[in-house]
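Descriptive structure summary
Each chain, written out:
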Amino acid sequence: MEVGDENILIVGAGIAGLSTSLGLHRLGIRSLVLEGSDSLRITGFAFTTWTNAWKALDALGIGDSLRQQHQRLYGVTTTSTISGLGTSERLFKDQGRQVDSEVYCVKRKVLLETLSKELPNGTIRFSSKVVSIEESGFFKLVHLADGTIFRTKVLIGCDGVNSVVAKWLRFKKPAFTGRSAMRGFARFNTSHGFEPKFLQFFGEGVRSGVLPCDTNSVYWFFTWKPSKVQEMEDNPAAIKQFVLSKLGKMPDQARGVIEKTPLNCFISSPLRYRNPLEILWGNISKGNVCVAGDALHPMTPDIGQGGCSSLEDSVVLARCLAEALLKKPSREMEEKDEEYRRIEMGLEKYAKERKWRSFDLISTSYIVGRIQQSDGKFMTFLRDKCLAKFLSGLLLKRTEFDCGKLSAS
(Lines give C-alpha, C1' and ligand atoms only; values in the text may rest on other atoms or scores of the structure.)
Protein backbone atom coordinates (compact mmCIF):
# COMPACT_ATOMS: atom_id res chain seq x y z
CA MET A 1 0.00 0.00 0.00
CA GLU A 2 1.59 3.23 -1.22
CA VAL A 3 0.83 6.40 0.75
CA GLY A 4 1.66 9.84 -0.66
CA ASP A 5 1.31 13.33 0.80
CA GLU A 6 -0.05 16.19 -1.31
CA ASN A 7 -1.09 19.66 -0.28
CA ILE A 8 -3.83 19.87 -2.93
CA LEU A 9 -5.51 17.00 -4.76
CA ILE A 10 -7.84 17.66 -7.70
CA VAL A 11 -9.99 14.75 -8.85
CA GLY A 12 -10.68 14.84 -12.60
CA ALA A 13 -8.60 16.13 -15.54
CA GLY A 14 -11.47 17.74 -17.42
CA ILE A 15 -12.04 21.44 -18.05
CA ALA A 16 -12.65 22.35 -14.39
CA GLY A 17 -9.84 20.21 -12.99
CA LEU A 18 -7.09 21.33 -15.36
CA SER A 19 -8.21 24.97 -15.28
CA THR A 20 -8.16 25.00 -11.47
CA SER A 21 -4.73 23.40 -11.42
CA LEU A 22 -3.44 25.96 -13.92
CA GLY A 23 -4.94 28.82 -11.93
CA LEU A 24 -3.15 27.61 -8.81
CA HIS A 25 0.08 27.11 -10.78
CA ARG A 26 -0.08 30.70 -12.04
CA LEU A 27 -0.25 31.79 -8.40
CA GLY A 28 2.73 29.65 -7.43
CA ILE A 29 0.81 26.78 -5.81
CA ARG A 30 1.36 23.17 -6.78
CA SER A 31 -1.46 20.63 -7.12
CA LEU A 32 -1.80 17.03 -8.26
CA VAL A 33 -4.61 16.08 -10.63
CA LEU A 34 -5.95 12.52 -10.45
CA GLU A 35 -7.53 11.23 -13.67
CA GLY A 36 -9.23 7.84 -13.84
CA SER A 37 -8.61 7.37 -17.57
CA ASP A 38 -5.25 6.54 -19.09
CA SER A 39 -5.24 9.77 -21.15
CA LEU A 40 -7.11 13.06 -21.45
CA ARG A 41 -10.85 12.41 -21.94
CA ILE A 42 -12.02 14.18 -25.08
CA THR A 43 -15.80 13.77 -24.90
CA GLY A 44 -18.33 16.12 -26.41
CA PHE A 45 -16.01 17.27 -29.25
CA ALA A 46 -16.58 21.03 -28.78
CA PHE A 47 -18.57 23.59 -26.82
CA THR A 48 -19.79 27.16 -27.29
CA THR A 49 -17.43 29.51 -25.51
CA TRP A 50 -19.12 32.79 -24.60
CA THR A 51 -17.74 36.12 -23.37
CA ASN A 52 -17.72 35.06 -19.72
CA ALA A 53 -15.56 32.04 -20.57
CA TRP A 54 -13.05 34.19 -22.46
CA LYS A 55 -12.65 36.40 -19.41
CA ALA A 56 -11.71 33.28 -17.45
CA LEU A 57 -9.40 31.98 -20.19
CA ASP A 58 -7.65 35.35 -20.34
CA ALA A 59 -7.24 35.28 -16.56
CA LEU A 60 -5.58 31.87 -16.94
CA GLY A 61 -3.29 33.20 -19.67
CA ILE A 62 -4.41 30.98 -22.56
CA GLY A 63 -7.13 33.05 -24.25
CA ASP A 64 -5.06 34.40 -27.16
CA SER A 65 -3.64 30.98 -28.01
CA LEU A 66 -7.14 29.51 -28.29
CA ARG A 67 -8.49 32.44 -30.31
CA GLN A 68 -5.82 31.86 -32.96
CA GLN A 69 -7.00 28.26 -33.43
CA HIS A 70 -10.73 28.96 -33.78
CA GLN A 71 -13.15 31.07 -35.80
CA ARG A 72 -15.06 33.85 -34.07
CA LEU A 73 -18.86 33.71 -34.48
CA TYR A 74 -20.75 36.93 -35.15
CA GLY A 75 -24.40 36.04 -34.70
CA VAL A 76 -27.07 33.43 -34.06
CA THR A 77 -29.97 32.56 -36.37
CA THR A 78 -32.99 30.52 -35.35
CA THR A 79 -35.03 28.50 -37.86
CA SER A 80 -38.14 26.35 -37.52
CA THR A 81 -37.68 22.90 -39.07
CA ILE A 82 -41.48 22.65 -39.19
CA SER A 83 -41.99 25.61 -41.55
CA GLY A 84 -38.43 26.00 -42.81
CA LEU A 85 -38.65 29.72 -42.01
CA GLY A 86 -36.32 31.79 -39.87
CA THR A 87 -37.80 32.92 -36.55
CA SER A 88 -35.07 35.27 -35.31
CA GLU A 89 -31.60 36.55 -36.02
CA ARG A 90 -29.36 38.31 -33.55
CA LEU A 91 -25.88 39.72 -34.01
CA PHE A 92 -23.44 39.41 -31.15
CA LYS A 93 -22.41 43.00 -31.89
CA ASP A 94 -25.43 44.89 -30.60
CA GLN A 95 -25.70 48.66 -30.31
CA GLY A 96 -27.75 48.27 -27.14
CA ARG A 97 -24.96 46.44 -25.35
CA GLN A 98 -21.93 48.09 -23.78
CA VAL A 99 -19.58 45.25 -24.80
CA ASP A 100 -19.75 43.04 -27.89
CA SER A 101 -20.24 39.35 -27.19
CA GLU A 102 -17.17 37.25 -27.94
CA VAL A 103 -18.29 33.81 -29.09
CA TYR A 104 -16.38 30.83 -30.48
CA CYS A 105 -17.01 27.10 -30.73
CA VAL A 106 -13.89 25.68 -29.07
CA LYS A 107 -12.69 22.14 -29.65
CA ARG A 108 -12.38 20.31 -26.33
CA LYS A 109 -9.27 18.47 -27.43
CA VAL A 110 -7.49 21.74 -28.20
CA LEU A 111 -8.55 23.29 -24.89
CA LEU A 112 -7.52 20.32 -22.74
CA GLU A 113 -4.20 19.92 -24.52
CA THR A 114 -3.50 23.65 -24.14
CA LEU A 115 -4.25 23.48 -20.42
CA SER A 116 -2.13 20.37 -19.86
CA LYS A 117 0.87 21.82 -21.75
CA GLU A 118 0.85 24.86 -19.47
CA LEU A 119 1.11 22.67 -16.36
CA PRO A 120 4.41 21.38 -14.94
CA ASN A 121 5.39 17.83 -15.83
CA GLY A 122 3.92 15.30 -13.43
CA THR A 123 0.89 17.43 -12.51
CA ILE A 124 -1.56 14.88 -13.99
CA ARG A 125 -1.57 11.31 -12.71
CA PHE A 126 -3.48 9.09 -15.13
CA SER A 127 -5.11 5.71 -14.38
CA SER A 128 -5.94 7.02 -10.92
CA LYS A 129 -9.57 6.23 -10.21
CA VAL A 130 -10.79 7.44 -6.81
CA VAL A 131 -12.91 4.85 -5.01
CA SER A 132 -13.34 6.32 -1.53
CA ILE A 133 -12.54 9.24 0.76
CA GLU A 134 -11.72 8.97 4.46
CA GLU A 135 -11.31 11.49 7.28
CA SER A 136 -7.95 11.64 9.04
CA GLY A 137 -7.79 14.55 11.44
CA PHE A 138 -7.11 17.73 9.47
CA PHE A 139 -6.42 15.69 6.32
CA LYS A 140 -8.40 13.59 3.86
CA LEU A 141 -7.26 10.14 2.79
CA VAL A 142 -8.08 9.50 -0.87
CA HIS A 143 -8.12 5.82 -1.84
CA LEU A 144 -7.45 4.81 -5.45
CA ALA A 145 -8.51 1.64 -7.26
CA ASP A 146 -4.86 0.51 -7.54
CA GLY A 147 -4.46 0.55 -3.76
CA THR A 148 -2.60 3.87 -3.56
CA ILE A 149 -3.64 6.25 -0.77
CA PHE A 150 -3.04 9.99 -0.86
CA ARG A 151 -3.16 12.18 2.22
CA THR A 152 -4.08 15.76 1.35
CA LYS A 153 -4.73 19.11 3.00
CA VAL A 154 -7.22 20.15 0.27
CA LEU A 155 -9.47 17.95 -1.85
CA ILE A 156 -11.23 19.41 -4.92
CA GLY A 157 -13.78 17.35 -6.84
CA CYS A 158 -13.88 18.11 -10.57
CA ASP A 159 -14.95 14.58 -11.44
CA GLY A 160 -18.12 15.26 -13.43
CA VAL A 161 -21.77 14.33 -13.05
CA ASN A 162 -20.96 11.03 -11.32
CA SER A 163 -18.62 12.71 -8.86
CA VAL A 164 -17.26 10.66 -5.96
CA VAL A 165 -16.42 13.88 -4.13
CA ALA A 166 -19.94 15.31 -4.59
CA LYS A 167 -21.34 12.07 -3.21
CA TRP A 168 -19.07 12.43 -0.16
CA LEU A 169 -20.46 15.96 0.30
CA ARG A 170 -23.97 14.40 0.36
CA PHE A 171 -25.11 15.75 -2.99
CA LYS A 172 -27.72 13.57 -4.64
CA LYS A 173 -27.15 11.93 -8.00
CA PRO A 174 -28.07 14.35 -10.82
CA ALA A 175 -31.63 13.84 -12.09
CA PHE A 176 -32.61 12.81 -15.62
CA THR A 177 -34.44 15.59 -17.47
CA GLY A 178 -36.38 13.28 -19.78
CA ARG A 179 -34.27 14.48 -22.71
CA SER A 180 -31.19 13.13 -24.47
CA ALA A 181 -28.50 14.74 -26.58
CA MET A 182 -26.62 13.62 -29.64
CA ARG A 183 -23.37 15.36 -30.53
CA GLY A 184 -21.14 15.06 -33.55
CA PHE A 185 -18.12 16.54 -35.28
CA ALA A 186 -17.34 16.72 -39.00
CA ARG A 187 -14.06 17.63 -40.71
CA PHE A 188 -13.80 18.96 -44.25
CA ASN A 189 -10.80 18.64 -46.58
CA THR A 190 -11.51 22.15 -47.86
CA SER A 191 -13.48 25.04 -46.38
CA HIS A 192 -16.91 23.99 -45.10
CA GLY A 193 -18.52 27.13 -46.54
CA PHE A 194 -20.53 28.13 -43.45
CA GLU A 195 -20.79 31.74 -42.37
CA PRO A 196 -19.33 32.40 -38.90
CA LYS A 197 -22.71 32.06 -37.19
CA PHE A 198 -24.42 29.81 -34.66
CA LEU A 199 -27.25 28.10 -36.57
CA GLN A 200 -30.06 26.95 -34.27
CA PHE A 201 -33.09 24.87 -35.28
CA PHE A 202 -36.35 23.92 -33.54
CA GLY A 203 -38.94 21.30 -34.48
CA GLU A 204 -41.59 19.08 -32.90
CA GLY A 205 -39.98 18.23 -29.57
CA VAL A 206 -36.44 18.48 -30.97
CA ARG A 207 -33.71 21.10 -30.97
CA SER A 208 -30.47 21.14 -32.95
CA GLY A 209 -27.59 23.40 -33.82
CA VAL A 210 -24.61 23.70 -36.16
CA LEU A 211 -21.50 25.71 -35.26
CA PRO A 212 -18.23 26.08 -37.20
CA CYS A 213 -15.11 25.69 -35.03
CA ASP A 214 -12.68 26.85 -37.72
CA THR A 215 -12.67 26.91 -41.51
CA ASN A 216 -12.43 23.11 -41.80
CA SER A 217 -14.43 21.65 -38.91
CA VAL A 218 -18.04 21.87 -37.72
CA TYR A 219 -19.66 20.80 -34.45
CA TRP A 220 -23.35 19.94 -34.25
CA PHE A 221 -25.85 18.81 -31.60
CA PHE A 222 -29.35 17.37 -31.51
CA THR A 223 -31.59 16.99 -28.43
CA TRP A 224 -34.83 15.05 -28.20
CA LYS A 225 -37.17 13.28 -25.81
CA PRO A 226 -36.41 9.56 -26.12
CA SER A 227 -39.15 6.95 -25.86
CA LYS A 228 -38.64 3.75 -23.90
CA VAL A 229 -38.02 1.81 -27.11
CA GLN A 230 -35.21 4.03 -28.33
CA GLU A 231 -32.22 2.07 -27.05
CA MET A 232 -29.64 3.42 -29.49
CA GLU A 233 -26.69 4.64 -27.45
CA ASP A 234 -24.51 1.70 -28.55
CA ASN A 235 -25.61 1.77 -32.18
CA PRO A 236 -24.14 4.82 -34.01
CA ALA A 237 -25.66 3.82 -37.35
CA ALA A 238 -29.16 3.73 -35.86
CA ILE A 239 -28.51 7.02 -34.08
CA LYS A 240 -27.44 8.69 -37.32
CA GLN A 241 -30.53 7.51 -39.19
CA PHE A 242 -32.78 8.59 -36.33
CA VAL A 243 -31.31 12.09 -36.25
CA LEU A 244 -31.55 12.49 -40.04
CA SER A 245 -35.21 11.41 -39.93
CA LYS A 246 -36.05 14.15 -37.40
CA LEU A 247 -34.44 17.15 -39.09
CA GLY A 248 -37.57 18.26 -40.93
CA LYS A 249 -37.02 21.26 -43.20
CA MET A 250 -33.44 21.90 -42.14
CA PRO A 251 -31.37 23.54 -44.91
CA ASP A 252 -29.36 21.09 -47.03
CA GLN A 253 -26.02 22.61 -46.03
CA ALA A 254 -26.67 22.00 -42.33
CA ARG A 255 -28.13 18.55 -42.95
CA GLY A 256 -25.05 17.70 -45.00
CA VAL A 257 -22.81 18.15 -41.94
CA ILE A 258 -24.65 15.38 -40.09
CA GLU A 259 -24.64 13.16 -43.19
CA LYS A 260 -20.88 13.65 -43.51
CA THR A 261 -20.12 12.88 -39.85
CA PRO A 262 -18.39 9.48 -39.52
CA LEU A 263 -19.98 6.97 -37.13
CA ASN A 264 -17.05 7.17 -34.70
CA CYS A 265 -17.78 10.89 -34.25
CA PHE A 266 -21.29 10.39 -32.82
CA ILE A 267 -21.98 10.31 -29.10
CA SER A 268 -25.33 10.04 -27.33
CA SER A 269 -26.05 10.72 -23.67
CA PRO A 270 -28.99 11.48 -21.38
CA LEU A 271 -29.24 15.07 -20.15
CA ARG A 272 -28.98 15.39 -16.39
CA TYR A 273 -29.08 18.31 -14.00
CA ARG A 274 -28.79 19.06 -10.31
CA ASN A 275 -31.88 20.39 -8.57
CA PRO A 276 -30.96 24.08 -8.14
CA LEU A 277 -32.41 24.12 -4.62
CA GLU A 278 -29.79 21.54 -3.67
CA ILE A 279 -27.14 24.11 -4.60
CA LEU A 280 -28.63 26.50 -2.05
CA TRP A 281 -29.15 23.96 0.72
CA GLY A 282 -26.26 21.57 0.12
CA ASN A 283 -22.54 21.76 0.88
CA ILE A 284 -20.51 23.12 -2.02
CA SER A 285 -17.66 22.96 0.45
CA LYS A 286 -17.19 21.22 3.77
CA GLY A 287 -14.01 21.66 5.75
CA ASN A 288 -11.14 21.21 3.31
CA VAL A 289 -13.25 19.63 0.54
CA CYS A 290 -15.19 21.27 -2.32
CA VAL A 291 -16.54 20.60 -5.81
CA ALA A 292 -16.41 22.52 -9.09
CA GLY A 293 -17.52 22.14 -12.70
CA ASP A 294 -20.06 19.44 -13.52
CA ALA A 295 -19.49 17.90 -10.09
CA LEU A 296 -21.07 21.06 -8.68
CA HIS A 297 -23.58 22.26 -11.27
CA PRO A 298 -24.52 19.70 -13.92
CA MET A 299 -26.98 21.50 -16.20
CA THR A 300 -28.72 21.08 -19.53
CA PRO A 301 -26.88 22.54 -22.56
CA ASP A 302 -29.67 24.93 -23.56
CA ILE A 303 -27.84 28.18 -22.77
CA GLY A 304 -24.35 26.82 -23.48
CA GLN A 305 -22.93 27.56 -20.03
CA GLY A 306 -21.74 24.17 -18.73
CA GLY A 307 -18.10 24.46 -19.83
CA CYS A 308 -18.10 28.25 -19.49
CA SER A 309 -19.19 28.15 -15.86
CA SER A 310 -16.57 25.48 -15.13
CA LEU A 311 -13.92 27.94 -16.30
CA GLU A 312 -15.44 30.60 -14.04
CA ASP A 313 -15.29 28.15 -11.12
CA SER A 314 -11.59 27.51 -11.69
CA VAL A 315 -10.58 31.17 -11.53
CA VAL A 316 -12.68 31.92 -8.44
CA LEU A 317 -11.55 28.75 -6.66
CA ALA A 318 -7.85 29.29 -7.42
CA ARG A 319 -8.10 32.89 -6.22
CA CYS A 320 -9.92 32.07 -2.97
CA LEU A 321 -7.67 29.13 -2.16
CA ALA A 322 -4.50 31.10 -2.90
CA GLU A 323 -5.65 33.91 -0.62
CA ALA A 324 -5.99 31.36 2.17
CA LEU A 325 -2.77 29.43 1.55
CA LEU A 326 -0.49 32.38 0.82
CA LYS A 327 -1.70 34.46 3.75
CA LYS A 328 1.05 34.99 6.29
CA PRO A 329 0.39 33.06 9.51
CA SER A 330 -0.33 35.09 12.63
CA ARG A 331 2.38 33.21 14.49
CA GLU A 332 5.81 31.93 13.45
CA MET A 333 4.80 28.35 14.29
CA GLU A 334 1.26 27.96 13.02
CA GLU A 335 -0.78 25.13 14.40
CA LYS A 336 -2.38 22.67 11.98
CA ASP A 337 -5.85 23.64 13.11
CA GLU A 338 -5.16 27.29 12.18
CA GLU A 339 -4.03 26.31 8.68
CA TYR A 340 -7.08 24.06 8.33
CA ARG A 341 -9.34 26.94 9.33
CA ARG A 342 -7.74 29.24 6.74
CA ILE A 343 -8.34 26.62 4.05
CA GLU A 344 -11.90 26.10 5.24
CA MET A 345 -12.61 29.84 5.10
CA GLY A 346 -11.10 30.08 1.61
CA LEU A 347 -13.34 27.30 0.31
CA GLU A 348 -16.36 28.80 2.05
CA LYS A 349 -15.66 32.09 0.26
CA TYR A 350 -15.50 30.24 -3.07
CA ALA A 351 -18.79 28.45 -2.31
CA LYS A 352 -20.48 31.73 -1.42
CA GLU A 353 -19.34 33.36 -4.68
CA ARG A 354 -20.48 30.44 -6.84
CA LYS A 355 -23.74 29.44 -5.13
CA TRP A 356 -26.17 31.92 -6.69
CA ARG A 357 -24.43 31.95 -10.05
CA SER A 358 -24.76 28.15 -10.24
CA PHE A 359 -28.40 28.32 -9.11
CA ASP A 360 -29.18 30.90 -11.80
CA LEU A 361 -27.51 28.98 -14.63
CA ILE A 362 -29.06 25.61 -13.78
CA SER A 363 -32.55 27.12 -13.41
CA THR A 364 -32.37 29.27 -16.55
CA SER A 365 -30.98 26.44 -18.66
CA TYR A 366 -33.68 24.02 -17.54
CA ILE A 367 -36.54 26.47 -18.18
CA VAL A 368 -35.17 27.58 -21.55
CA GLY A 369 -34.78 23.94 -22.58
CA ARG A 370 -38.37 23.12 -21.67
CA ILE A 371 -39.62 26.02 -23.78
CA GLN A 372 -37.30 25.50 -26.72
CA GLN A 373 -38.00 21.78 -26.99
CA SER A 374 -41.77 22.00 -26.54
CA ASP A 375 -43.91 19.91 -28.90
CA GLY A 376 -47.46 21.23 -28.39
CA LYS A 377 -48.95 23.41 -31.12
CA PHE A 378 -49.60 26.36 -28.80
CA MET A 379 -46.10 26.29 -27.25
CA THR A 380 -44.51 25.81 -30.66
CA PHE A 381 -46.35 28.89 -31.97
CA LEU A 382 -45.43 30.89 -28.87
CA ARG A 383 -41.78 29.82 -29.09
CA ASP A 384 -41.40 30.58 -32.81
CA LYS A 385 -43.47 33.76 -33.03
CA CYS A 386 -43.09 35.44 -29.65
CA LEU A 387 -40.26 34.05 -27.54
CA ALA A 388 -37.37 33.46 -29.97
CA LYS A 389 -35.77 36.90 -29.54
CA PHE A 390 -36.53 36.96 -25.82
CA LEU A 391 -34.80 33.60 -25.28
CA SER A 392 -31.70 34.61 -27.25
CA GLY A 393 -31.54 37.82 -25.21
CA LEU A 394 -31.84 35.77 -22.00
CA LEU A 395 -28.94 33.62 -23.14
CA LEU A 396 -26.71 36.61 -23.94
CA LYS A 397 -27.50 38.22 -20.58
CA ARG A 398 -25.95 35.23 -18.81
CA THR A 399 -22.71 35.70 -20.76
CA GLU A 400 -21.95 39.12 -19.26
CA PHE A 401 -20.69 37.68 -15.97
CA ASP A 402 -17.08 38.47 -15.04
CA CYS A 403 -15.31 36.00 -12.73
CA GLY A 404 -12.48 38.50 -12.14
CA LYS A 405 -8.71 38.06 -12.21
CA LEU A 406 -6.72 35.32 -10.55
CA SER A 407 -5.22 37.73 -8.07
CA ALA A 408 -7.51 39.81 -5.86
CA SER A 409 -4.93 42.58 -5.64
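Now for a look at the structure at hand. Computed from a predicted model, the values in this text were never measured in an experiment. (Residues numbered from 1 in each chain as written. Predicted model: local features only at pLDDT ≥ 70, side-chain atom pairs only at ≥ 80, totals over all residues. Heavy atoms only, no water.)

**Digging into the sheet that holds strand β7 (residues 103–107)**
- Read across the open sheet, the three strands follow the order β3-β7-β4; overall the sheet is antiparallel. The strands lining the two open edges of the sheet, one partner per strand, are β3 (46–49) and β4 (72–73).
- Bridge analysis of β4 against β7 gives two bridges, and the strand direction is antiparallel. If you follow L73 over to β7, its bridge partner there is V103. (Pairing = 2+ DSSP bridges. Helix = DSSP H or I, 4+ residues; strand = E, 2+ residues; numbered from the N terminus.)

**With respect to the nonpolar core**
- By size, the foremost hydrophobic cluster in this structure holds 92 residues, and its most contacted members are L18, L111, I156, Y219 and Y350.
- With residues up to four places along the chain from it excluded, the contact list for Y219 reads G44, F45, A46, C105, R183, G184, F185, G209, V210, L211 and C213.
- In terms of nonpolar packing, the next biggest core, distinct from the first, is built from 21 residues, L199, I239, F242 and L244 among them. (Core = buried A, V, L, I, M, F, W, Y, C linked by side-chain atoms within 4.5 Å. Buried < 20%, exposed > 50% of the residue type's maximum accessible area, 1.4 Å probe, protein only. Contact = heavy atoms within 4.5 Å.)

**Things to note about the pattern of salt bridges**
- A complete count under the given rule lists 25 salt bridges for this structure.
- For D5, the salt bridge identified is with R151, shortest N-O distance 2.8 Å. In this pair, D5 is assigned in strand β1 (residues 3–11) and R151 in strand β11 (residues 149–157), connecting sequence segments 146 residues apart.
- The exposure class of D5 is exposed, given its relative accessible area of 51%.
- Of the charged contacts, one joins D360 and R398 as a salt bridge, the two residues approaching to 2.9 Å between their closest N and O atoms. Remark: R398 occurs in the segment after α11 (377–397) and D360 occurs in helix α10 (residues 336–372); sequence separation between them is 38 residues.
- Where salt bridges share partners, they join D58, D64, R67 and E102 into one cluster. (Salt bridge = Lys/Arg side-chain N within 4 Å of Asp/Glu carboxyl O.)

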